[in-house]
Amino acid sequence: MIEKLDNARSSFLKWATVGYTIWFGTYIVADPFFLPEIPSVIQWIRILGWLILLVSGLRAMKLKRELRWDKKMQGALEGELYQYNLRKSFQMGFFVVMGVTSVFLMLSLFYTIPALLVTKVILYLGGLAVLISKMFYNRD
Amino acid sequence: MENQELSNQIKVQRAMKNITQEELASHIGVTRKTINTIETGKFVPSTILAIKLARFFEIKVEELFTLVEK
């Protein structure tokens with residue numbers, strides 16, 4: 001049962017990463033800095049990404065609710081390896097955010113970049129770094 | 001300290017008891033990945049987990065885990 005739930009968790013983490021990449025990615029691709037008008041195909045892709053992310057989120061919430069009633073299972077699934085990997089993933093996200101911010105800071109010396117685009121890119125890459133590194137550390 | 005690493009006898013002890021990583025994980029209350037990463041030396045367990053493992057195999061912690069020179 002522990003194995004089954006652990007595999008399910010790995011699966012929806014992968015799908016959450018795909019959903020986040022697509023959904024948030026469209027906000028950067030379709031930023032007014034690049035495209036003055038959002039093509040309808042991007043809007044459809046955005047909805048698709050959002051749906052994938054929503055389903056993954058609902059699955060994660062369902063698992064969380066199931067674990068609330070089973071402390072032994074919760075202890076196994078959210079054990080020390082899980083906590084250790086989670087910390088390392090957030091650490092990776094922090095380094096990426098710091099790195100990307102530094103790059104934008106240097107670029108701002110030569111170019112004018114819209115603050116909204118910069119914020120979106122930092123958030124996007126920071127979140128993506130956490131999700132991808134979580135998948136990486138979670139592998140066998 | 002940096003030129004030392006933690007070695008363990010989990011694989012040997014498992015073989016002696018004839019149990020899989022999954023069965024051991026289930027007895028200890030962790031995931032199979034946790035056992036796998038400890039066994040391969042990728043993850044250093046907490047003292048609590050090390051004691052649980054040693055108790056399961058009915059040996060001392062220092063028999064299960066030893067510091068070796070790299």
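Residues numbered from 1 in each chain as written. Chains lettered and ligands numbered in written order. Predicted model: local features only at pLDDT ≥ 70, side-chain atom pairs only at ≥ 80, totals over all residues.

Asks: Would you take a moment to explain the overall build of chain A for this structure?
Replies: Along its length, chain A carries 5 helices and 0 strands. Reading chain A from its N terminus to its C terminus gives the helix and strand order α-α-α-α-α. Expressed along its principal axes, the backbone C-alpha trace of chain A runs to roughly 55 × 35 × 25 Å. Expressed as a percentage of the 140 residues in chain A, the buried residues total 17%. (Helix = DSSP H or I, 4+ residues; strand = E, 2+ residues; numbered from the N terminus. Buried ≥ 20, exposed ≤ 12 C-beta atoms within 10 Å, placed from the backbone.)

Asks: Looking at this model, I keep getting lost on the confidence of the model for chain B. Mind explaining?
Replies: Any segment with low pLDDT has predicted coordinates that should not be analysed in fine detail. Residues and elements named next belong to chain B. In this model, chain B carries a mean pLDDT of 91, and residues with pLDDT of at least 70 account for 97%. Model confidence for chain B, summarised as mean pLDDT per element, is weakest for strand β1 (residues 4-8) at 87 and strongest for helix α4 (residues 47-57) at 94. The complex model carries a pTM of 0.83, and its ipTM stands at 0.81. (pLDDT = per-residue confidence, 0-100.)

Asks: It is not clear to me how the interface of chain A and chain B should be interpreted in this structure. Could you clarify?
Replies: It is common to report an interface's size as the accessible area lost on association of the parts. Between chain A and chain B, the residue contacts involve 12 residues of the former and 15 residues of the latter. Taken together, the elements giving at least two residues each to the side of chain A that touches chain B come down to α1 (2-29), α3 (71-77) and α4 (80-107) of chain A. Considering each element in turn, the side of chain A that touches chain B owes the most residues, 4 residues, to α3(A). Class assignment of the residues belonging to the side of chain A that touches chain B gives a composition of 5 nonpolar, 2 polar and 5 charged. (Contact = placed C-beta atoms within 7 Å. Nonpolar A, V, L, I, M, F, W, Y, C, P; charged D, E, K, R; others polar.)

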